[in-house]
Amino acid sequence: MIPTLGVCYYPEQWDEAMWANDATRMVETGITWVRIAEFAWSRLEKIEGQFTFEWLDRAIAVLADAGLKVVMCTPTATPPRWMIDKHPDMLAVDADGNPRKFGSRRHYCFSHQGYIDDCVRITQVLADRYGADPRVHAWQIDNEYGCHDTIVSYSDVARVAFQSWLAQRYIDVDALNTAWGNVFWSMEYDRFDHIDLPNLTVTEPNPAHVMAFRRFSSDQVVSFNRAQVDVLRAATDVPLIHNYMGRILDFDHFEVGEDLDIASWDSYPIGFLSDRLEGSDAHKTAFLQQGDPDMQAFHHDLYRAVGKGRWWVMEQQPGPVNWAPYNPAPLDGMVRLWSWEAIAHGAEVVSYFRWRQAPVAQEQMHAGLLRPDDTPAVGMAEAAQVGREITALGPLVQKQADVALIFDYPSDWAWSTMPQGADFDYFRLMFSAYRALRRAGQSVDILPSTARTFDGYKLILAPGLANTDPTLMDALANTTGLAVLGPRTATVTDELGIPKLSQPVVANLNIEIELSESFPPTHHRTVKGGGCVVHWMEKLRGPAPVLMETTHHGAALVGADGLWYLGGWPDREMWDRLVAVAADKVGIATTLLPDGLRLRTAGKYTFAFNYSAHSVDWDGQTFAACSVALWTDGNRVW
Ligand code: GAL
């Protein structure tokens, strides 16, 4: 597969006289794909039932005539104003009970059947018009499910839908009472339609209630998406895509991904560093204009799994964004570095957001490849360079990594419902493990928790996996590789209760967790030999050999043969030790990379990405600031 470039374009936001020149310049820049129409509903159907498609027909013609491939979008993330008059109760409601108003975007509740019907209707109209159009080479459904905290809604329609979801799941309300333990605090229900949404309660609601609501909210996204998939499948054979986001875990992306052909995500490295990641001031200062060296790669690997091997970057940051607390510009070289890093992780397409900076409205301070006056912005030259380089390099292939990390969305819902410690965040734990693997120079595959075969993986990490299915436990215990579980493995049931106390947590290891503790950042437990346990520690009981122990609080890592259990949250040094020892045991060669340097293998190529703002020496070679290096057969090409 030879990767290609794309761009996000809004013909409806520009004078039609500019389109042809835009299209020509896109092609000259090395762009192949152009994504259009995801926010164009008010221009397509200004008045209900009265469609104006002629402008879009002309835009598609201009773009395709220039040689571009169109990604057509359904515009359902931005319902027009008349839709609110039609369905006044379609607005999502926040946890404080306030409806979220019209005036920006994503102002809908996933449970509103009337709105879903209108989404199906507009999708059908688009499918009828463009489904068989050979100029449309892919479809994007909606835009960024979950953006602006929009998955969970406490609306009346959500309440009614939740009640019927509960009735289907539990059949008998007494079964629900028992499963949730509603006898505690006299919370028992007589009827499903008495069960309210778990907000505005006097103190915390029952965690089982919250967990059910989180599962329901995720299922609503899957069904919402599926309604449009069904329409498009009947009309076209080209791939269907959604553009997911960074660090959004509010719905099960693997389940949405099952219905689609390609996963894509929107990568804003500098915005994420300041807006969406924990990190010391020193770390955030060192990578202020480059982004975190592991954040993008983590999502590339995650979405490669969500897309069952096929994935794109649908939106790539090309310059400063507008939405983070602070919005510095990328250092020279970073737009190229981010693009190549995605490609090295298997992206079929890297598409820049957006073609030209908008001079109006919410995102007027957000860079594009062009400035509002049509002159090239700073990212343009680097995008064009990537375009030339990918053509010169030719096809890239991906091969299975030695190391896998299991990622499970419901685990995030479980731990965010019952963190039991303010810092217990599932993504944060997973990301700390991922970082350690990358510091050790590894390429990583991320797998869903539905995986049951791990053939070819030498090392499998599954930190913080809640509610572990025994078939997954068995598969991990029986794989030929080394599986490292814990902390909190299998410590909750589906209903967020404690499993039967007499059962060992991890049967194959015969380990029991005697108690769990969480602690603030001011406290840690020193581990003999280096590193410490932070945030969370379990007191483990059982005959499994101790592999790492704290100075005063017992075992931190136990295990034998192919199964280890981690009884705490490792700090950076402990993770590094753990990864080194585990890799050594299974015959994986590791290194310890300098802070900003990361590696990725893609078939016969090895890439090195230097996120540092200065040059870095490693393994007898020098890597310039913000640069990409490339080897094949041991020879450095770049
Ligand atoms: C994404 C979104 C785009 C645009 C962009 C700005 O979240 O999909 O429409 O808003 O962010 O960075």
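From a predicted model like this one, the values you see are computed outputs, not experimental measurements.

Cut-off values and rules
- Residues numbered from 1 in each chain as written.
- Predicted model: local features only at pLDDT ≥ 70, side-chain atom pairs only at ≥ 80, totals over all residues.
- Heavy atoms only, no water.
- Near = heavy atom within 4 Å.
- Polar contact = N/O pair within 3.5 Å; in protein donor to acceptor, adjacent residues only side chain to side chain.
- Areas by Shrake-Rupley, 256 points an atom, 1.4 Å probe, with all protein chains shown as cover.
- 1 Å grid on protein atoms, 1.4 Å probe; cavity = no way out; pocket = protein on both sides within 12 Å on 5 of 7 lines; lining within 4 Å.
- Sits in = over half its atoms within 2 Å of the grid points.
- Nonpolar A, V, L, I, M, F, W, Y, C, P; charged D, E, K, R; others polar.
- Pairing = 2+ DSSP bridges.
- Helix = DSSP H or I, 4+ residues; strand = E, 2+ residues; numbered from the N terminus.
- Core = buried A, V, L, I, M, F, W, Y, C linked by side-chain atoms within 4.5 Å.
- Buried < 20%, exposed > 50% of the residue type's maximum accessible area, 1.4 Å probe, protein only.
- Contact = heavy atoms within 4.5 Å.
- Domains from an automatic or database assignment.
- Buried area = accessible area lost by both parts, 1.4 Å probe.
- Salt bridge = Lys/Arg side-chain N within 4 Å of Asp/Glu carboxyl O.
- Right-handed = clockwise from strand over helix to strand, strands pointing away.
- Axes fitted to C-alpha atoms, helices over the stretch in contact; angles between N-to-C directions.
- Points joined across faces, edges and corners; volume = space filled by probe spheres on them.
- Phe/Tyr/Trp six-rings, centres within 6.5 Å; stacked < 30°, edge-to-face > 60°.
- Lys NZ or Arg CZ within 6 Å of the ring centre and 35° of its normal.

(A) Looking closely at the site of the ligand. Around the ligand, the structure places Phe 39, Arg 105, Asn 143, Glu 144, Asp 266, Tyr 268, Glu 315, Trp 323, Phe 353, Glu 363 and His 366. Glu 144 has a polar side-chain atom sitting 2.4 Å from an oxygen atom of the ligand. Measuring from an oxygen atom of the ligand, one finds a side-chain N or O atom of His 366 at 2.7 Å. Protein coverage of the free-state accessible area of the ligand, which is 310 Å², stands at 96%. Placement of the ligand is best described as lying within the largest pocket. For the shell around the ligand, the class distribution of residues is four nonpolar, two polar and five charged.

(B) Local environment of the sheet that holds strand β20 (residues 597–602). The strand order β20-β21-β24-β25 describes an open sheet built from four strands, whose pairing is antiparallel. This sheet does not close on itself; its edge strands, each paired only once, are β20 and β25 (635–636). Pairing of strand β21 (residues 605–610) with strand β24 (residues 627–632), which is carried by six bridges, proceeds in the antiparallel orientation. Across the sheet, the residue bridging to Phe 609 is Val 628, located in β24.

(C) Region of interest: the nonpolar core. Judged by nonpolar contacts, the single largest core of 155 residues is most densely connected at Ile 36, Leu 56, Met 72, Trp 340, Phe 407 and Phe 607. By residue number, the principal contributor to this core is helix α16 (residues 426–439), which donates nine residues. In contact with Trp 340, other than residues within four places in its own chain, are Val 386, Glu 389, Ile 390, Leu 393, Leu 396, Phe 607, Phe 609, Val 628 and Trp 638. Grouped together as the second largest cluster of nonpolar side chains are 24 residues, Ala 451, Phe 454, Ile 511 and Leu 563 included.

(D) Here's a closer look at the domain arrangement of the chain. When its domains are assigned, the chain resolves into domain 1 (4–150 + 222–393), domain 2 (403–586) and domain 3 (597–636). Relative placement of domain 1 and domain 3: their C-alpha centres are 30 Å apart. Taken together, the contacts link 21 residues of domain 1 with 15 residues of domain 3. Here domain 1 and domain 3 share an interface that buries about 1400 Å² over both sides, 65% of which is from carbon and sulfur atoms. Run the count over domain 1 and domain 3 and you get two salt bridges. In this structure, Asp 301 engages Arg 600 in a salt bridge whose closest nitrogen and oxygen atoms are separated by 3.7 Å. Applying the counting rule to domain 1 against domain 3 returns five residue pairs in polar contact (both at pLDDT 80 or more). Listing elements by their share of the side of domain 1 that touches domain 3, those giving two or more residues are α12 (295–306) and α13 (334–344).

(E) Looking closely at the pairing of strand β6 (residues 262–267). β6 sits mainly inside the fold: six of its six residues count as buried. Residues Ile 262, Ser 264 and Asp 266 of β6 are buried on one face, and the alternating residues Ala 263, Trp 265 and Ser 267, pointing to the opposite face, are buried as well. By the bridge criterion, four bridges tie strand β5 (residues 240–244) to β6 in an arrangement that is parallel. In the strand pairing of β6, Tyr 244 is matched with Trp 265. Since β5 and β6 lie parallel, the crossover through helix α9 (residues 253–258) that links them has a hand, and here it is right-handed. Across five bridges, the pairing between β6 and strand β7 (residues 311–316) is parallel. Note that in β7 the partner of Trp 265 across the bridge is Val 313.

(F) Expanded view of the sheet that holds strand β8 (residues 349–352). The sheet built from eight strands closes into a barrel, its strands ordered β1-β2-β3-β4-β5-β6-β7-β8 with parallel pairing. Averaged over all pairs of adjacent strands, the angle between strand axes in this sheet comes to 30°, irrespective of strand direction. Where β7 and β8 come together, two bridges link them in parallel fashion. Paired with Gln 316 across the strands is Tyr 352, a residue of β8. Where helix α5 (residues 113–130) meets the sheet, its contacts fall on β3 (69–73) and β4 (136–140), and the angle it forms with β4 comes to roughly 170°.

(G) Looking closely at the side chain of Asn 143. Of note, Asn 143 is situated in the loop between β4 and α6 (156–170). Polar contacts involving the side chain of Asn 143 include one to the side chain of Asn 243, which spans 2.8 Å.

(H) Representation of empty space enclosed by the protein. In total, this model carries one cavity of 30 Å³ or more according to the counting rule given. Its boundaries defined by the atoms lining it, the largest cavity holds a volume of some 50 Å³. For the largest cavity, the full set of lining residues is Cys 109, Phe 110, Ser 111, Ile 151, Val 152, Ser 153, Ala 158, Phe 213, Phe 216, Ser 217 and Gln 220. Here the element with the most residues in the lining of the largest cavity is helix α8 (residues 207–235); it accounts for four residues. Partitioning the lining of the largest cavity into residue classes produces seven nonpolar, four polar and no charged.

(I) Fine view of unusual backbone geometry. In this model, Phe 353 is joined to Arg 354 through a cis peptide bond whose omega is 5°. By secondary structure assignment, the location of Arg 354 is in the loop between β8 and α14 (378–393). Residue Pro 487 is reached from Gly 486 by a cis peptide bond, and omega for that bond is -5°. The topology assignment puts Pro 487 in the loop between β12 (482–485) and β13 (512–518). Residues other than glycine seldom take positive phi values, yet Lys 308 does so here, at roughly 50°.

(J) Layout of the environment of Asp 196. Mapping Asp 196 onto the fold places it in the loop between α7 (173–180) and α8. Here the alpha-carbon distance between Asp 196 and Lys 46, two residues 150 residues apart in the chain, equals 37 Å. Those residues in contact with Asp 196, other than ones at most four positions away along the chain, are Arg 159, Phe 162 and His 209.

(K) Geometry of the packing of aromatic side chains. A full pass over the atoms with the stated rule returns 45 aromatic pairs. Judged by centre distance (6.0 Å) and plane angle (10°), the rings of Trp 265 and Phe 272 are stacked. In this pair, the class of Trp 265 matches that of Phe 272, namely buried. One cation-aromatic arrangement involves Arg 81 over Phe 102; the distance from NZ or CZ to the ring centre is 5.9 Å. Over the aromatic face of Phe 424 sits the side chain of Arg 488, whose NZ or CZ is 4.6 Å from the ring centroid.

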